Amino acid sequence: MLLSFRSLLVCLLLPALLLVVQVLLSRLESRWPGLLLPAVSLLSSLVFCLNVADLGQGMAALLSALLTVFLLANVPTLLLLALYLICRRSRRRKRQMEHMNIQDL
């Protein structure tokens, strides 16, 4: 019982922590730190694809398995990139508003 509670806690807190870190990195002045977690996620999805190769499969089955694993493994990458773009867009709007306020003076 205790082991399942701990694993559930880790499965819920780890993604939440990664999302918080992504928001914090995306809101920094430089744009590169916000791209760090999506890049790591993309690289890990490529590692997943390397583990798909099975010599007993035909070429079509292998390609479909690779495509499926690549798409499923990149769901976190897409979520992190979407979060990055949302944070950067709000940052850009804020900068534009500050620029307009300065021009109004």
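Residues numbered from 1 in each chain as written. Predicted model: local features only at pLDDT ≥ 70, side-chain atom pairs only at ≥ 80, totals over all residues. Heavy atoms only, no water.

*Asks:* How should the overall build of the protein chain be read in this particular structure?
*Replies:* Looking only at helices and strands, the protein chain has four helices and zero strands in total. Starting at the N terminus and walking to the C terminus, you meet the elements of the protein chain as α-α-α-α. Against the compact-globule benchmark of 13 Å for 105 residues, the protein chain has a radius of gyration of 20 Å, which places it well outside the compact range. Principal-axis analysis of the C-alpha atoms places the extent of the protein chain at approximately 70 × 45 × 15 Å. The 105 residues of the protein chain split such that 17% are buried. Residue pairs in contact within the protein chain that sit at least 24 positions apart in sequence constitute 66% of those at least 6 positions apart. (Helix = DSSP H or I, 4+ residues; strand = E, 2+ residues; numbered from the N terminus. Rg over C-alpha atoms; globule rule 2.2 N^0.38 Å. Buried < 20%, exposed > 50% of the residue type's maximum accessible area, 1.4 Å probe, protein only. Contact = heavy atoms within 4.5 Å.)

*Asks:* For this particular structure, what's the right way to read the side chain of Ser 41?
*Replies:* Along the chain, Ser 41 turns up in helix H2 (residues 36-50). Take Ser 41: its relative accessible area is 8%, and that puts it in the buried class. Among residues more than four places away in sequence, those in contact with Ser 41 are Asn 74, Pro 76, Thr 77 and Leu 80.

*Asks:* Would you mind showing me how to read the pattern of salt bridges here?
*Replies:* Side chains that carry opposite charge are capable of pairing whenever their charged atoms lie near each other. For the structure shown, the criterion picks out one salt bridge. Here Glu 29 makes a salt bridge to Arg 91, at a shortest N to O gap of 2.3 Å. Here Arg 91 lies in helix H4 (residues 75-104) and Glu 29 lies in the loop between helix H1 (2-26) and H2, a separation of 62 residues in the sequence. Classification of Glu 29 by relative accessible area gives exposed; the value is 59%. (Salt bridge = Lys/Arg side-chain N within 4 Å of Asp/Glu carboxyl O.)

*Asks:* I tried to follow a nonpolar patch on the surface on my own but got confused; where do I start?
*Replies:* Residues Val 10, Leu 14, Leu 17, Leu 18 and Val 21 make up a contiguous nonpolar surface patch of about 430 Å² in total accessible area. Mapped onto the elements, Leu 18 comes out in helix H1. For Leu 18, a relative accessible area of 40% gives the class partly exposed. (Patch = residues over 30% accessible without salt bridge, like charges linked within 9 Å, V, L, I, M, F, W, Y side chains within 5 Å. Areas by Shrake-Rupley, 256 points an atom, 1.4 Å probe, with all protein chains shown as cover.)

*Asks:* Please explain the packing of H2 against H4 as it appears in this structure.
*Replies:* Helix-helix packing is characterised by the crossing angle of the two axes and by the distance between the axes. Two elements in contact, H2 and H4, have axes whose closest approach is 8 Å; the angle formed by their N-to-C orientations is 170°. The orientation of H2 relative to H4 falls into the category roughly antiparallel. Crossing handedness for the pair H2 and H4: left-handed. Of the residues in H4, those touching H2 at Leu 37, Pro 38, Ser 41 and Leu 42 are Pro 76, Thr 77, Leu 80 and Leu 81. Looking at the contact of H2 with H4 residue by residue, the classes come out as six nonpolar, two polar and no charged. (Axes fitted to C-alpha atoms, helices over the stretch in contact; angles between N-to-C directions. Parallel < 35°, antiparallel > 145°, perpendicular 65-115°, else oblique. Left-handed = near helix turned anticlockwise from the far one by under 90°. Nonpolar A, V, L, I, M, F, W, Y, C, P; charged D, E, K, R; others polar.)

*Asks:* In this structure, what is going on with the confidence of the model for the protein chain? I would like to understand it.
*Replies:* As a general rule, the predicted coordinates of low-pLDDT regions are not to be interpreted in detail. For the protein chain, the mean per-residue pLDDT works out to 88, and 95% of the residues sit at or above 70. Per-residue pLDDT, averaged within each element of the protein chain, yields its smallest value for H1 (87) and its largest for H2 (94). (pLDDT = per-residue confidence, 0-100.)

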